[in-house]
Amino acid sequence: DKKYTVTGSLNKIVNGTVAAVIAQNTKTLTAAASGTGTWDMEFDVEGKLEYDTNYVVFEEAISEVNLIDTDDDGRPDSKQEVKHRNPSDKSQTILTKRPKGVIRIV
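Keep in mind the model is a prediction, meaning the values are calculated, not measured.

S.K.: Before we go on, may I ask you to explain the overall build of the protein chain in this structure?
M.R.: Within the protein chain, the secondary structure is distributed over zero helices and five strands. Put simply, the protein chain runs from its N terminus to its C terminus through helices and strands in the order β-β-β-β-β. Computed over C-alpha atoms, the radius of gyration of the protein chain comes to 18 Å, more than 25% over the 13 Å expected from 2.2 N^0.38 for 106 residues, which places it beyond the range of a compact globule. In terms of overall dimensions, the protein chain has a C-alpha envelope of 65 × 25 × 20 Å along the principal axes. The 106 residues of the protein chain split such that 21% are buried.

Right under this line is the structure:
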């Protein structure tokens with residue numbers, strides 16, 4: 001099993017760019033033997049989210065051991081790094097909505 005250090009962040013998106021990092025988390029996870037699958041990661045967002053706002057998850061995974069052979073000598077000499085940082089990726093986007101019937105008094 002291949003282990004990765006995975007860092008995820010939940011980011012507030014305004015006009016297609018990151019306006020703020022709302023929460024981050026890092027943990028060690030094991031990749032599925034098939035090379036496909038999903039990881040679960042929790043973020044502490046209590047009191048940090050706004051209604052009617054887009055948030056997107058970014059992640060970076062770095063293998064704990066060398067998996068990439070950069071000099072073609074048949075031996076892995078570099079860690080595998082995978083990054084996902086697309087502020088307009090719909091599959092990673094969350095839109096918070098104000099519940100119906102909620103009135104805000106300022």
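Having put the structure on the table, let's press on.
S.K.: Help me understand the packing of aromatic side chains, please; the structure alone is not making it clear to me.
M.R.: Any pair of aromatic rings gets described here by the distance separating the centres and the angle formed by the planes. Inspection of every chain in the model, using the stated rule, returns one aromatic pair. Here the aromatic rings of Tyr-4 and Trp-39 are separated by 6.0 Å at their centres, their planes lie at 50°, and the arrangement is tilted. With Tyr-4 in strand β1 (residues 3-14) and Trp-39 in the loop between β2 (17-30) and β3 (53-68), the pair connects residues that are 35 residues apart, well separated along the chain. Since its relative accessible area comes to 7%, Tyr-4 is described here as buried. With relative accessibility at 36%, the residue Trp-39 sits in the partly exposed group.

Rules behind the numbers
- Residues numbered from 1 in each chain as written.
- Predicted model: local features only at pLDDT ≥ 70, side-chain atom pairs only at ≥ 80, totals over all residues.
- Heavy atoms only, no water.
- Helix = DSSP H or I, 4+ residues; strand = E, 2+ residues; numbered from the N terminus.
- Rg over C-alpha atoms; globule rule 2.2 N^0.38 Å.
- Buried < 20%, exposed > 50% of the residue type's maximum accessible area, 1.4 Å probe, protein only.
- Phe/Tyr/Trp six-rings, centres within 6.5 Å; stacked < 30°, edge-to-face > 60°.

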